[in-house]
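Residue-level structural notes
As a plain string of letters, each chain reads:
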Amino acid sequence: MRPLFAAAGRAFISGVALFKLIGVVAGYWLLGFWGGLLGFFIGSFIDRVRVYGSGGMNPLQNALRQAVFLETVFISMGKLAKADGHVSQDEIDHVEQFMQKLGMSAEHRLQAIALFKQGADPAFDIAPTYARFMAVCGHTRNLKDVLLVYLIVMALADGHFHPAEEALLIDIAARLGYDQATFRRMMDMVLNQSHFAGQQADPAAALNDAYKALGVSKDSSDTEIKRAYRKLMSQYHPDKLIGQGMPEDMVAMATEQAKEIQVAYDLIKKSRNL
């Protein structure tokens, strides 16, 4: 029995195993060793739903979620690049860099390019793509957020935010279940997070951007700022994203976003002596 309790204890310390521990203790108290074992598995199921969302509770579906996520990303990138009537070189370069960071094989690159071109076809309807995405990935905890963030970054790749791109992103956000107010808040956060990918000359402007990057204001309390920071970092946690079905290669992109959030938070902490 000791190894079972030890495993539950280590998992609990990681912050994602509350019901594992409860299940083990309750099961062992009621039914002995086999009850503890049963409680462990039931608790594991509940904890997985809590951490990954109901859509991520079946790890056997990860391969399908990975395929659908990648398909949706590249089709959407193509649609977004063509939204203003032409695909710019900056947008092509952004997609190329994106594929390089993923470390795609030659075969997978060809598939991604084909999906991008498919999405860039003005006659292509993205409705079935998003219906499938929502059916397979829609109930996971963070995949919708991360997908929308990637597309906002793509829209900003050429330094211009065309009204047609904005209209498409609003439509995509609605298909993912976000209203316009939520979408605009996310867009403002992503835009300001991008300011921390490099150096910013004006410290006053940097601090203002840091608050916006976390979705808070200078009037927010220390507790509110810490809560916002922890929520964002949890959203981009590699283990959680992989557990929900994000391809492991794409986690590097989420890690970059998390670094920008960390730099913004560090600046706020320094200004507040937290």
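To keep things clear, this report deals only with the structure shown in the data block. (Residues numbered from 1 in each chain as written. Predicted model: local features only at pLDDT ≥ 70, side-chain atom pairs only at ≥ 80, totals over all residues. Heavy atoms only, no water.)

On to the packing of helix 9 (residues 163–175) against helix 10 (residues 180–193). To characterise two packed helices, one gives the angle between the axes of the helices and the distance between these axes. In contact at an axis separation of 10 Å, helix 9 and helix 10 are set at 120° when each is read in the N-to-C sense. In terms of axis orientation, helix 9 runs oblique to helix 10. Of the two elements, helix 9 crosses helix 10, and the hand of that crossing is right-handed. Here Glu166, Leu169, Ile170 and Ala173 of helix 9 come into contact with helix 10, specifically with Gln180, Phe183 and Arg184. Partitioning the contact of helix 9 with helix 10 into residue classes produces four nonpolar, one polar and two charged. (Axes fitted to C-alpha atoms, helices over the stretch in contact; angles between N-to-C directions. Helix = DSSP H or I, 4+ residues; strand = E, 2+ residues; numbered from the N terminus. Parallel < 35°, antiparallel > 145°, perpendicular 65-115°, else oblique. Left-handed = near helix turned anticlockwise from the far one by under 90°. Contact = heavy atoms within 4.5 Å. Nonpolar A, V, L, I, M, F, W, Y, C, P; charged D, E, K, R; others polar.)

Now for the packing of aromatic side chains. The final tally for this structure, using the stated rule, is three aromatic pairs. With a centroid separation of 6.3 Å and 45° between ring planes, the pair formed by Phe69 and Phe133 is classed as tilted. Of this pair, Phe69 sits in helix 4 (residues 62–82) while Phe133 sits in helix 7 (residues 127–137), placing them 64 residues apart in sequence. Given the relative accessible area of 0%, Phe69 is considered buried. The class of Phe133 is buried, set by a relative accessible area of 0%. Ring geometry for Tyr130 versus Phe133: centroids 6.4 Å apart, planes at 55°, classification tilted. Here Phe133 and Tyr130 lie together in helix 7, a separation of three residues that amounts to about one turn. Each member of the pair Tyr130 and Phe133 is classed as buried. Three or more aromatic residues link up through ring pairs in this structure, and these residues are Phe69, Tyr130 and Phe133. Sitting over the face of the ring of Tyr178, Lys144 holds its NZ or CZ atom 5.7 Å from the ring centroid. (Phe/Tyr/Trp six-rings, centres within 6.5 Å; stacked < 30°, edge-to-face > 60°. Buried < 20%, exposed > 50% of the residue type's maximum accessible area, 1.4 Å probe, protein only. Lys NZ or Arg CZ within 6 Å of the ring centre and 35° of its normal.)

Taking 1.5 Å of rise per residue, the 14 residues of helix 10 would be expected to cover 20 Å, and the 20 Å separating its terminal C-alpha atoms lies within 8% of that figure. Put simply, Asp179 is the residue that caps the front of helix 10, since its side-chain oxygen is 3.3 Å from the backbone nitrogen of Ala181. (Expected span 1.5 Å × (residues − 1). Polar contact = N/O pair within 3.5 Å; in protein donor to acceptor, adjacent residues only side chain to side chain.)

Moving on, we get to the nonpolar core. Judged by nonpolar contacts, the single largest core of 63 residues is most densely connected at Phe69, Met77, Leu148, Tyr150, Leu214 and Met246. With 10 residues, helix 8 (residues 143–155) is the single largest residue contributor to this core. Met77 has contacts with His94, Val95, Phe98, Phe116, Leu151 and Met154, leaving out every residue within four places of it along the chain. (Core = buried A, V, L, I, M, F, W, Y, C linked by side-chain atoms within 4.5 Å.)

With that settled, the discussion passes to helix 8. Spanning 13 residues, helix 8 covers 18 Å between terminal C-alpha atoms, matching the ideal 18 Å at 1.5 Å per step. Judged by how many residues are buried, helix 8 sits mostly within the fold: 12 of 13 residues are covered. Considered for burial, the residues of helix 8 that qualify are Leu143, Lys144, Asp145, Val146, Leu147, Leu148, Val149, Tyr150, Leu151, Ile152, Met154 and Ala155.

A word on the environment of Ser76. Mapped onto the elements of the fold, Ser76 is located in helix 4. With a relative accessible area of 1%, Ser76 lands in the buried category. Each C-alpha atom, one on Ser76 and one on Tyr130, is 9.4 Å from the other, the two residues being 54 residues apart in sequence. Those residues in contact with Ser76, other than ones at most four positions away along the chain, are Tyr130 and Leu151.

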